[in-house]
Amino acid sequence: MDNALVASHAHTHEEEHEHVALPQHCHHFETEQQQREAGTFGMWLFLLTEIMFFGGLFFAYLLYRNWYHDAFVAASNQLSIKLGAINTAVLIGSGYFMALGVWAAEVRKKGLLVLFLVITTVLGFVFLGIKYVEYHEKWEKHHIPGEHFDVSEFVNPQAYGLKETPLAPDMAQKTQVFFSLYFAMTGMHALHMIIGIGLLFWLIWRANRGEFSSGYVAPIENFGLYWHFVDIVWIFLFPLLYLINRHPGS
Amino acid sequence: MSEYHDAANVTNPEHAEHHIVTPMTYTIIFATLLTLTAVTVGAAFVDLGIMNPVIALAIASVKGVVVILFFMHVMYQSKLIKMTVGAGFFTFLVLLTMTLSDYISRAWGLW
Amino acid sequence: MSGTTSTIVNLPDQRTATMPKRDYLNNEHGLLSWLFTGDHKRIAILYLISITFFFFLGGIFAGLIRLELLTPQPDLVASDTYNKLFSLHGIIMIFLFLVPSVPATLGNFLIPIMIGAKDLAFPKINLLSWYLFMTGGVLTLTALVTGGVDTGWTFTTPLSTHYLNTNVVTAATGIFIAGFASIFTGLNFIVTIHRMRAPGMTWFRMPLFVWANYAASILMVLGTPVLAISLVLVALERTLGLGVFDPTKGGDPLLFQHLFWFYSHPAVYIMILPGMGVISEVISTFSRKRIFGYTAVAFSSVAIALFGFFVWEHHMFIMGVSNYSALVFSLLTMLVAVPSAIKIFNWAFTLQKGSITFETPMLYAFAFIGLFTIGGMTGVFLGALGMDIHLTETYFIVAHFHYVMVGGMLMAFLGGIHFWWPKMFGRMYPESLSKLSAVTSFIGFNLTFMPQFVLGYLGMPRRYHAYPPEFQVLNVLSTAGATVLGVGFLLPVLYLGWSLKYGAIAGNNPWQATGLEWQIQSPPLTENFTEIPIVTQDAYDYEWLANKTEHEVTTVG
Ligand SMILES: [Cu+2]
């Protein structure tokens with residue numbers, strides 16, 4: 001059916017690769033190129049959904065940062081800039097290896113593809129591990145919003161050996177809004193990472209069977225789009241959450 | 001394109017030739033992103049007043065755009081994909097500005 | 001119905017006519033062949049069955065509400081139960097019926113065929129979308145049987161986050177998941193319409209139904225995630241005590257409203273746009289004319305989708321938003337009435353000098369035009385800042401959106417179901433019975449909701465189950481109307497079910513319509529087309545159809 005169709009319409013355009021033989025070609029697409037472009041387009045539409053999903057959170061951040069600036073500064077300075085920066089580098093590295101993975105699939109190098117995907121996954125785990133350390137510290141300091149939230153460190157920073165300006169008790173309460181957003185945003189981001197890592201395991205297994213080293217790269221490419229999107233979210237989260245005001249006394 | 005059938009959509013603005021980005025490009029982008037991360041951390045420790053958040057966001061935006069253009073291949077994609085990406089950010093800006101129109105004018109001068 | 005005896009229905013000779021030997025319904029057998037199908041037509045049928053179930057479930061709640069309101073005293077149910085009744089009615093009707101109604105059933109079935117494709121771009125994601133929808137539905141049912149939910153369909157904070165002890169999280173999760181079903185449907189449509197059009201099927205040769213669904217899909221993809229994140233934050237606030245909307249922690253409850261209505265205003269267009277698409281097809285077919293101002297109607301769909309993102313604050317005028325921005329949003333709301341009016345006027349001009357016949361789908365289309373116009377005009381009242389302060393949160397607003405959603409959308413849905421029923425199942429519905437049900441629903445509908453405009457204008461607030469005795473007459477009228485309306489909606493289920501087996505065999509093109517879907521067998525083959533069509537004609541080109549029919553006769557003869 002497909003062969004007949006392709007033959008019945010003149011093609012002025014020669015593909016770089018042979019394209020009718022691959023088993024992944026779905027019958028309802030006329031050509032594999034059409035299928036591939038449809039896949040990319042679909043993935044991008046899904047990422048639009050993701051932009052708007054995180055968009056709601058980013059707007060909430062913008063609003064409360066302006067309303068409760070002092071509380072946001074004090075609470076932000078509780079985050080470890082070192083861990084945040086390391087995690088940014090880790091995630092960028094993970095994205096880099098993902099990009100290399102797409103290249104490896106395109107030039108049909110199975111071994112390299114599997115290697116790059118594994119490194120991507122490992123760096124993803126490193127990111128989540130560091131995130132866990134950070135969350136754990138917040139837990140111990142009672143900086144998780146809710147019943148056990150403790151504002152004493154913001155009301156009386158000197159007692160904790162901090163050089164911050166003390167906040168009035170009502171403004172100190174507003175640090176809860178910062179931490180609510182911190183956990184909502186990084187939590188949603190981490191959830192996307194966990195889903196991504198799950199998908200990576202599946203892709204590694206399939207890549208290892210050689211599914212993506214014979215010209216069929218769409219799943220790797222589209223997963224790459226997702227993984228890079230998650231990177232971009234973090235690229236914005238890092239300065240917004242960690243770097244609000246790092247020069248106390250100004 | 002009315003009568004002529006173009007299954008692969010090659011004459012169509014929705015189509016772009018497939019382009020393989022080389023590892024060299026990826027490595028340059030990777031280095032750029034790491035450098036910009038260092039710059040943004042460094043800039044945060046300098047007191048620039050109102051410019052601090054502006055610079056932080058500007059650097060983050062540059063990083064985001066670079067990732068979108070190269071890691072995500074939008075540079076080499078069809079107009080359709082480029083417009084799709086643009087539409088996403090446009091809708092986000094609508095959410096941002098239209099909602100702000102309420103919050104800003106609720107307390108003129110306090111923002 | 002009256003006066004005219006002419007009809008365009010053209011059925012094959014029933015003595016010799018047979019159903020096609022092979023079609024998408026009998027291609028494979030057994031329940032599993034349905035549950036694991038990738039065929040867009042079968043998924044459409046799955047959706048049709050599920051949303052019909054949810055429609056009648058939501059209808060039962062509506063019936064109970066109307067029964068309670070028969071008397072001024074709170075006698076049938078307790079206050080809490082009443083809150084649950086209208087919450088579940090709203091949640092089920094909006095998220096589990098109206099949002100998927102036309103796109104997931106008729107859209108799923110017809111869009112690939114109308115543009116000459118074998119299937120949607122992503123059949124597996126299409127099936128996934130149905131499973132997500134069902135998961136969302138089952139979670140909502142779980143919330144229902146384990147004690148209900150009483151936030152109203154709007155999940156207003158801090159009511160939903162702090163003051164209620166019902167199944168808010170379960171219901172919110174259900175809607176979150178059903179939301180992704182809608183996102184995937186929209187995504188699939190957009191990619192399909194961009195990527196899968198048959199040779200010669202240019203953008204301006206597509207039927208207006210496809211344009212309307214395209215515009216609605218954009219809203220699904222861009223709007224629904226904002227609802228998703230606001231529901232996630234409500235759930236996190238209830239379970240973990242986050243404080244994004246909690247005023248005691250410094251959050252702003254109005255932020256929830258902004259995010260919620262950023263989706264839920266466009267959601268009105270998600271619901272109504274595909275219905276408008278149905279009306280375009282029906283009006284053209286039964287006036288035997290190309291839709292007047294095709295391009296204007298096509299672009300007005302896209303304009304509605306675009307403007308739809310700029311007006312949401314009109315749902316919040318009395319909630320403490322700034323007066324200045326309320327003014328801006330009020331003016332923008334007037335703007336969004338323009339493209340809707342463009343459609344109404346163009347349909348009217350299509351009817352002018354058309355050879356109009358009054359088959360059942362056309363009756364529903366007339367009902368749509370009349371009722372949607374009333375719904376839309378009262379929407380302009382409500383969008384006007386000064387009027388809104390007086391009318392919002394009264395029965396006026398209830399009547400307004402029921403005129404748009406039931407009078408508009410549901411009439412369009414029923415019209416579409418009747419119009420494409422012969423295509424979907426190969427058999428005709430009984431004509432006189434269906435005309436009766438169309439007229440019954442139209443009368444019942446007006447009897448139900450016209451009194452509510454008056455009630456609201458007199459000041460009866462919504463969401464209370466007791467009211468001052470002077471409102472009783474109008475409430476009794478409304479309940480009586482609801483009973484008639486219920487009959488009008490129940491009838492089609494009975495006779496459509498009957499027609500599956502005993503209806504007259506429809507043949508390929510009983511309406512002599514021009515769409516590609518009418519040029520193939522009914523019910524269609526699994527792969528839709530035996531060969532990919534090459535399109536040389538515009539949509540609604542009746543001359544082309546006449547030529548083609550003539551040509552066919554000569555070749556056969
Ligand atoms: Cu609205």
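Residues numbered from 1 in each chain as written. Chains lettered and ligands numbered in written order. Predicted model: local features only at pLDDT ≥ 70, side-chain atom pairs only at ≥ 80, totals over all residues. Heavy atoms only, no water.

### Focus: the overall build of chain A
Thinking step 1. In terms of helices and strands, chain A carries nine helices and zero strands.
Thinking step 2. Along its sequence from the N terminus, chain A presents helices and strands in the succession α-α-α-α-α-α-α-α-α.
Thinking step 3. Every one of the 250 residues in chain A was classed for burial, and the buried ones make up 64%.
Thinking step 4. Taking as baseline every contact in chain A between residues at least 6 positions apart, the subset at least 24 positions apart corresponds to 77%.
Thinking step 5. Summed over all atoms, the accessible surface of chain A reaches about 9400 Å², with 64% contributed by carbon and sulfur. (Helix = DSSP H or I, 4+ residues; strand = E, 2+ residues; numbered from the N terminus. Buried < 20%, exposed > 50% of the residue type's maximum accessible area, 1.4 Å probe, protein only. Contact = heavy atoms within 4.5 Å. Areas by Shrake-Rupley, 256 points an atom, 1.4 Å probe, with all protein chains shown as cover.)

### A few points about the pattern of salt bridges
Residues and elements named next belong to chain A.
Thinking step 1. With the rule as written, the count across this model stands at 17 salt bridges over all chains.
Thinking step 2. Of the charged contacts, one joins Arg206 and Glu211 as a salt bridge, the two residues approaching to 2.8 Å between their closest N and O atoms. An identical accessibility class is assigned to Arg206 and Glu211; each is buried. (Salt bridge = Lys/Arg side-chain N within 4 Å of Asp/Glu carboxyl O.)

### Observations concerning the coordination of the copper ion
All names here are of chain C.
Thinking step 1. Here the copper ion is held by the protein donor atoms His265 (ND1), His314 (NE2) and His315 (NE2), which lie 1.9 to 2.0 Å from it.
Thinking step 2. In terms of primary sequence, the donors binding the copper ion are separated according to H-x48-H-H. Residue His265 is found in helix 9 (residues 253-287), and its partner His315 is found in the loop between helix 10 (294-307) and helix 11 (323-351); the two are separated by 50 residues along the sequence.
Thinking step 3. The partly exposed category is assigned to His315, whose relative accessible area is 25%. (Donors = N, O, S within 2.8 Å, 3.2 Å for Na, K, Ca; no water.)

### A look at the packing of aromatic side chains
Residues and elements named next belong to chain C.
Thinking step 1. As enumerated under the stated definition, the model contains 74 aromatic pairs over all chains in all.
Thinking step 2. Plain terms: the ring middles of Phe209 and Trp420 are 5.4 Å apart, the flat faces sit at 50° to each other, and that makes the pair tilted. Taken together, the residues Phe209 in helix 8 (residues 208-239) and Trp420 in helix 14 (residues 395-425) connect sequence positions 211 residues apart. Residue Phe209 shares its accessibility class with Trp420, and that shared class is buried.
Thinking step 3. Here the aromatic rings of Phe381 and Phe396 are separated by 6.0 Å at their centres, their planes lie at 15°, and the arrangement is stacked. You can see Phe381 sitting in helix 12 (residues 360-383) and its partner Phe396 sitting in helix 14, a full 15 residues away along the chain.
Thinking step 4. Take Phe396: its relative accessible area is 5%, and that puts it in the buried class. (Phe/Tyr/Trp six-rings, centres within 6.5 Å; stacked < 30°, edge-to-face > 60°.)

### Re the interface of chain A and chain C
Thinking step 1. With 38 residues of chain A in contact, the opposing surface of chain C contributes 40 residues.
Thinking step 2. Note on chain A versus chain C: buried area summed over both sides is about 3200 Å², and carbon and sulfur give 75% of it.
Thinking step 3. Interface area lost by chain A to chain C is led by A:His28, A:Met52 and A:Phe53, which between them contribute 19%.
Thinking step 4. The partner of C:Arg195 in a salt bridge is A:Glu37, with the nearest N and O atoms 2.4 Å apart.
Thinking step 5. The interface formed by chain A and chain C includes seven residue pairs in polar contact (both at pLDDT 80 or more).
Thinking step 6. Among the secondary structure elements, those contributing two or more residues to the side of chain A that touches chain C are helix 1 (2-8), helix 2 (32-67) and helix 8 (175-208) of chain A.
Thinking step 7. A total of 19 residues in the side of chain A that touches chain C trace back to one element, the largest contributor, which is helix 2 of chain A.
Thinking step 8. Looking at the side of chain A that touches chain C residue by residue, the classes come out as 22 nonpolar, 12 polar and four charged. (Buried area = accessible area lost by both parts, 1.4 Å probe. Polar contact = N/O pair within 3.5 Å; in protein donor to acceptor, adjacent residues only side chain to side chain. Nonpolar A, V, L, I, M, F, W, Y, C, P; charged D, E, K, R; others polar.)

### A closer look at the nonpolar core
Thinking step 1. If you look at the biggest cluster of nonpolar residues, it comprises 305 residues, and the most contacted ones within it are A:Tyr64, C:Leu255, C:Phe368 and C:Trp420.
Thinking step 2. The greatest single-element share of this core, amounting to 21 residues, is contributed by helix 14 of chain C.
Thinking step 3. Beyond its immediate chain neighbours, meaning those up to four positions away, A:Tyr64 contacts A:His69, A:Phe72, A:Val177, A:Leu181, C:Val244, C:Gly250, C:Gly251, C:Asp252 and C:Leu255. (Core = buried A, V, L, I, M, F, W, Y, C linked by side-chain atoms within 4.5 Å.)

### Some points on the side chain of C:Lys343
Residue and element names in this part refer to chain C.
Thinking step 1. Examined against the element boundaries, Lys343 turns out to sit in helix 11.
Thinking step 2. At 3.3 Å, the side chain of Lys343 and the backbone oxygen of Val297 are in polar contact.
Thinking step 3. Not counting the four nearest positions on each side in its chain, Lys343 is found in contact with Leu273, Met276, Val297, Ser300, Ser301 and Ile304.

### Points about helix 3 (residues 79-106) of chain B
Thinking step 1. Helix length check: helix 3 of chain B, at 28 residues, gives a terminal C-alpha distance of 40 Å against a target of 40 Å (1.5 Å per residue), a fit within 8%.
Thinking step 2. At B:Leu100, helix 3 of chain B shows its largest bend, some 30°. (Expected span 1.5 Å × (residues − 1). Bend = angle between axes of the 7 residues up to and from the residue.)

### Some details on the confidence of the model for chain A
Thinking step 1. On average, residues of chain A carry a pLDDT of 86, and 88% of them reach 70 or more.
Thinking step 2. Per-residue pLDDT stays below 50 along residues 1-21 of chain A; that stretch engages in 32 contacts with residues further than four places along the chain or on separate chains. (pLDDT = per-residue confidence, 0-100.)

### Overview of the interface of chain B and chain A
Thinking step 1. Chain B puts 57 residues into the contact, and the matching count from chain A is 57 residues.
Thinking step 2. Summing the contributions of chain B and of chain A, the shared interface buries around 4900 Å²; its carbon and sulfur component is 76%.
Thinking step 3. Inspection of the chain B/chain A interface yields zero salt bridges.
Thinking step 4. Across the contact surface, chain B and chain A share one residue pair in polar contact (both at pLDDT 80 or more).
Thinking step 5. The set of elements that each furnish at least two residues to the side of chain B that touches chain A consists of helix 1 (23-44), helix 2 (51-71) and helix 3 of chain B.
Thinking step 6. The greatest single-element share of the side of chain B that touches chain A, amounting to 14 residues, is contributed by helix 3 of chain B.
Thinking step 7. Partitioning the side of chain B that touches chain A into residue classes produces 35 nonpolar, 17 polar and five charged.

### Re the packing of helix 2 of chain A against helix 7 (residues 168-195) of chain C
Thinking step 1. At a closest axis distance of 10 Å, the pairing of helix 2 of chain A and helix 7 of chain C adopts a crossing angle of 140°. Judged by the angle between their axes, helix 2 of chain A and helix 7 of chain C are oblique. Helix-helix and strand crossings are classified by hand; for helix 2 of chain A and helix 7 of chain C the assignment is right-handed. Note on element contacts: helix 7 of chain C touches helix 2 of chain A through C:Phe176, C:Phe180, C:Ile183, C:Phe184, C:Leu187, C:Ile190, C:Val191, C:His194 and C:Arg195, opposite A:Gln34, A:Glu37, A:Ala38, A:Phe41, A:Gly42, A:Leu45, A:Phe46, A:Thr49 and A:Phe53.
Thinking step 2. Per-class residue counts for the contact of helix 2 of chain A with helix 7 of chain C are 12 nonpolar, four polar and two charged. (Axes fitted to C-alpha atoms, helices over the stretch in contact; angles between N-to-C directions. Parallel < 35°, antiparallel > 145°, perpendicular 65-115°, else oblique. Left-handed = near helix turned anticlockwise from the far one by under 90°.)

### Quick word on helix 2 of chain B
Thinking step 1. Taking 1.5 Å of rise per residue, 21 residues should cover 30 Å, and helix 2 of chain B covers 29 Å from first to last C-alpha, within 8% of that figure.
Thinking step 2. Listing the buried residues of helix 2 of chain B in full gives B:Asn52, B:Ala56, B:Ile59, B:Ala60, B:Lys63, B:Gly64, B:Val66, B:Val67, B:Ile68, B:Phe70 and B:Phe71.
Thinking step 3. On its buried face, helix 2 of chain B sits against helix 2, helix 4 (81-106) and helix 9 (218-242) of chain A together with helix 1 and helix 3 of chain B.
Thinking step 4. Following helix 2 of chain B by one or two positions, B:His73 adopts a phi angle in the positive range, close to 65°.

### A closer look at the side chain of A:Arg36
Thinking step 1. In this fold, A:Arg36 is placed in helix 2.
Thinking step 2. A distance of 3.2 Å separates the side chain of A:Arg36 from the side chain of A:Glu221, its partner in a polar contact.
Thinking step 3. Each residue touching A:Arg36, except ones within four places of it in the same chain, is listed here: A:Glu106, A:Val217, A:Glu221 and B:His18.

### Re unusual backbone geometry
All names here are of chain C.
Thinking step 1. For the bond running from Thr157 to Pro158, omega is -5°, close enough to zero to count as cis.
Thinking step 2. Considering the arrangement of structural elements, one finds Pro158 in the loop between helix 5 (123-145) and helix 6 (159-163).
Thinking step 3. Residue Pro523 follows Ser522 across a cis peptide bond; omega there is -15°.
Thinking step 4. Position of Pro523 relative to the elements: it lies in the loop between helix 16 (472-502) and helix 17 (542-556).
Thinking step 5. We note that Phe155 has phi near 55°; this positive angle belongs to a residue other than glycine.
Thinking step 6. The topology assignment puts Phe155 in the loop between helix 5 and helix 6.
Thinking step 7. The phi dihedral of Asn528 falls on the positive side, at around 70°, and the residue is not glycine.
Thinking step 8. Looking at the secondary structure, you find Asn528 in the loop between helix 16 and helix 17.
Thinking step 9. On the basis of relative accessibility, which here comes to 2%, the residue Asn528 falls in the buried class.

### Examining the environment of C:Thr142
Residues and elements named next belong to chain C.
Thinking step 1. Here Thr142 is to be found in helix 5.
Thinking step 2. Since its relative accessible area comes to 31%, Thr142 is described here as partly exposed.
Thinking step 3. Each C-alpha atom of the pair Thr142 and Ala171 lies 8.1 Å from the other, and the pair is 29 residues apart in sequence.

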